[in-house]
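A closer look at the structure
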Amino acid sequence: MRFSDEARRSRLARRHALHPEARLDDPLAAANAMTALHATEPPSVHLAVAARVQGATVEAVEQSLYADRSIVKQLAMRRTLFAVPRDLLPALLGSSSARVAAQQRAVITKDLEKHGVAVDGAAWISRASAAVLDRLADGTALSAKQLRAELPELEGRTTPDPNAKRWDVPTSFAPRLLTLLGAEGLIVRGGNEGHWRTSRPTWTRMERWLGAAPERLTARVGWAELVRRYLASFGPATEADIVWWLGSTKGAVRQALADIAATTVELESGSAGFVLPGDETEDADTLDEWAALLPVLDPTVMGWKERGFYLEPAHAPYLFDTNGNGGTTAWLDGRIVGCWVQADDGRVRVIPTEALTARDLSRLQVEADRLTEFFDGVVISSVYKSQQMKGQRLP
């Protein structure tokens with residue numbers, strides 16, 4: 001079975017809820033549609049929802065994250081923070097998050113010893129972890145700063161290299177320990193003490209935040225469930241896409257594909273793509289034209305490593321950084337055609353990467369006005385600004 005690029009773009013419009021006719025009713029539905037929403041930058045969660053939910057509001061996203069707790073922030077694939085549907089946690093904690101936690105535990109242990117904080121880094125982690133878990137046992141939610149102030153077990157900073165650049169300053173190990181405990185599923189980012197555009201999380205025990213600790217799946221079952229959900233959202237996808245998205249090994253991905261009996265299709269590029277069983281035919285109904293404006297690190301933008309079916313390769317250096325992090329993007333009919341920025345008053349402006357017709361510009365302006373209304377005067381910033389967002393012109 002052959003799967004054309006046009007069919008992939010049409011499927012993307014529907015399954016990612018980007019076409020106006022496919023938009024969803026609430027933030028949880030948007031998170032489920034995408035499997036996981038990127039949360040490295042707090043506004044990205046709200047803006048990813050705004051692109052996919054009709055009449056989305058900041059308050060509705062906050063309700064899902066902090067009141068209903070139907071969407072939970074969890075460190076997982078590629079050591080990236082995601083906002084995920086609560087029922088995905090068992091799979092994450094048994095596979096991707098566990099992989100990240102093991103890597104980080106080893107790195108922190110080594111660094112504690114390297115910087116002279118402890119002769120035995122593993123023992124320091126054990127003592128500090130016990131102190132944090134004991135302090136939060138009653139359901140208290142505290143910031144990293146508050147925990148450092150209360151718990152002497154968290155004392156310890158890096159020692160700057162005298163030969164390093166001036167910005168190599170001492171940093172506390174406490175935030176890294178909290179991140180580790182979060183990856184292990186023992187604590188979780190609870191309420192945010194800052195504005196929705198900033199990150200000032202408090203930490204609390206996972207079982208207190210959710211009412212019960214998630215029952216984590218085994219690694220093999222967890223990887224299989226992640227790949228199943230990923231293909232439901234992003235299939236067809238190549239093996240390289242899946243390995244990259246998961247931050248996993250080829251061996252784990254191949255085992256997962258076998259476990260879910262994934263079906264192979266031929267992509268227009270000639271590569272083999274994978275879909276779920278019974279999902280190997282192109283969608284019978286096609287959607288008419290559509291436009292969308294997506295935020296930095298949006299899950300659609302970041303869903304594939306091999307992006308040729310929706311991104312002109314020559315434009316990638318202007319829209320993605322060298323680590324593959326995507327900036328804001330403007331879409332027309334399943335293709336990226338530019339980026340967007342905000343003026344000082346919060347108004348959204350589209351910057352095309354190619355010549356567009358007056359009608360196409362008008363379609364994008366409708367989405368710019370819609371996003372401007374969502375911002376309601378709030379201006380956000382990002383450390384992942386692309387070259388084009390910074391004003392770099394295409395050659």
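The structure we're discussing is the one just above.
We now turn to the structure provided with this report.

Conventions used here
- Residues numbered from 1 in each chain as written.
- Predicted model: local features only at pLDDT ≥ 70, side-chain atom pairs only at ≥ 80, totals over all residues.
- Heavy atoms only, no water.
- Patch = residues over 30% accessible without salt bridge, like charges linked within 9 Å, V, L, I, M, F, W, Y side chains within 5 Å.
- Areas by Shrake-Rupley, 256 points an atom, 1.4 Å probe, with all protein chains shown as cover.
- Salt bridge = Lys/Arg side-chain N within 4 Å of Asp/Glu carboxyl O.
- Lys, Arg positive; Asp, Glu negative; His and termini not counted.
- Charge placed at Lys NZ, Arg CZ, Asp CG, Glu CD.
- Helix = DSSP H or I, 4+ residues; strand = E, 2+ residues; numbered from the N terminus.
- Axes fitted to C-alpha atoms, helices over the stretch in contact; angles between N-to-C directions.
- Parallel < 35°, antiparallel > 145°, perpendicular 65-115°, else oblique.
- Left-handed = near helix turned anticlockwise from the far one by under 90°.
- Contact = heavy atoms within 4.5 Å.
- Core = buried A, V, L, I, M, F, W, Y, C linked by side-chain atoms within 4.5 Å.
- Buried < 20%, exposed > 50% of the residue type's maximum accessible area, 1.4 Å probe, protein only.
- Phe/Tyr/Trp six-rings, centres within 6.5 Å; stacked < 30°, edge-to-face > 60°.
- Lys NZ or Arg CZ within 6 Å of the ring centre and 35° of its normal.
- Pairing = 2+ DSSP bridges.
- Nonpolar A, V, L, I, M, F, W, Y, C, P; charged D, E, K, R; others polar.

Another point: a negative patch on the surface. Residues Glu59, Asp369, Glu373 and Asp376 make up a contiguous surface patch of negative charge. Among the secondary structure elements, Glu373 is positioned in helix H15 (residues 358–375).

The contact between helix H3 (residues 42–52) and H15 brings their axes to 11 Å, and the two run at 135°. The angle between H3 and H15 falls in the class oblique. Here the hand of the crossing between H3 and H15 comes out right-handed. Taking contact as the criterion, the partners of His46, Leu47, Ala50 and Ala51 in H3 are, on H15, Arg370, Leu371, Phe374 and Phe375.

On to the nonpolar core, then. Formed by 120 residues in total, the largest nonpolar core has its most connected members in Leu231 and Ile242. Those residues in contact with Leu231 that sit more than four places away from it in its chain are Arg15, Ala237, Ile242, Leu257, Ile260, Ala262, Phe274, Val275 and Leu276. By size, the runner-up hydrophobic cluster in this structure holds five residues, among which are Phe3, Ala7, Val265 and Val275.

Next up on the list: the packing of aromatic side chains. All chains considered together, the criterion is met by twelve aromatic pairs. Taking the centre distance of 4.9 Å and the plane angle of 20° together, the rings of Tyr230 and Phe234 count as stacked. You can see Tyr230 and its partner Phe234 sitting in helix H11 (residues 219–234), four residues apart, about one turn around the helix. The pair formed by Tyr230 and Phe234 is uniform in burial state, with each residue classed as buried. Ring-pair connections join several aromatic residues into one group, and the members of that group are Tyr230, Phe234, Trp245, Trp304, Phe309, Tyr310 and Trp331. A cation over a ring is seen here: Arg78 above Trp244, with NZ or CZ 4.3 Å from the ring centre. Cation over ring: Arg307 sits above Trp244, and NZ or CZ is 5.3 Å from the ring centre.

On to the sheet that holds strand E8 (residues 272–275), then. By way of backbone hydrogen bonds, the strands of a sheet pair with one another, either parallel or antiparallel. With respect to topology, three strands assemble into an open sheet ordered E1-E7-E8, the strand pairing being mixed. Lying at the two open borders of the sheet, with one neighbouring strand each, are strand E1 (2–3) and E8. Strand direction decides the pairing type here: E1 and strand E7 (residues 263–267), joined by two bridges, are parallel. Paired with Arg2 across the strands is Glu266, a residue of E7.

We now examine the packing of helix H12 (residues 239–246) against helix H13 (residues 250–259). H13 packs onto H12 with a crossing angle of 115° between their chain directions and a minimal axis gap of 10 Å. Compared by their axis directions, H12 and H13 come out roughly perpendicular. Relative to H13, H12 is oriented so that their crossing is right-handed. Here H12 contributes Glu239, Ile242, Val243 and Leu246 to the contact with H13, which in turn contributes Lys250, Val253, Arg254 and Leu257. For the contact of H12 with H13, the class distribution of residues is five nonpolar, no polar and three charged.

Now for the environment of Gly247. Mapped onto the elements of the fold, Gly247 is located in the loop between H12 and H13. Remark: the alpha-carbon pair of Gly247 and Arg78, spanning 169 residues in sequence, is separated by 4.5 Å. Sequence-distant contacts of Gly247, defined by excluding residues within four places in its chain, comprise Arg78 and Arg99.

This part takes up the pattern of salt bridges. Going through the model one piece at a time under the given rule, you end up with 20 salt bridges. As a salt-bridge pair, Glu367 and Arg23 come within 3.2 Å of each other at their nearest N and O atoms. Residue Glu367 is found in helix H15, and its partner Arg23 is found in the loop between helix H1 (5–15) and helix H2 (27–34); the two are separated by 344 residues along the sequence. Pair check on accessibility: Glu367 and Arg23 agree, each one buried. The salt bridge involving Arg335 is made with Glu354; its shortest N-O contact spans 3.5 Å. Of the two residues, Arg335 is situated in strand E11 (residues 335–342) and Glu354 in the loop between strand E12 (348–352) and H15; the sequence distance between them amounts to 19 residues. The network of salt bridges with shared partners includes Glu289, Asp333, Arg359, Asp360 and Arg363.

The quantities given are spatial measurements derived from coordinates; they are silent on function.
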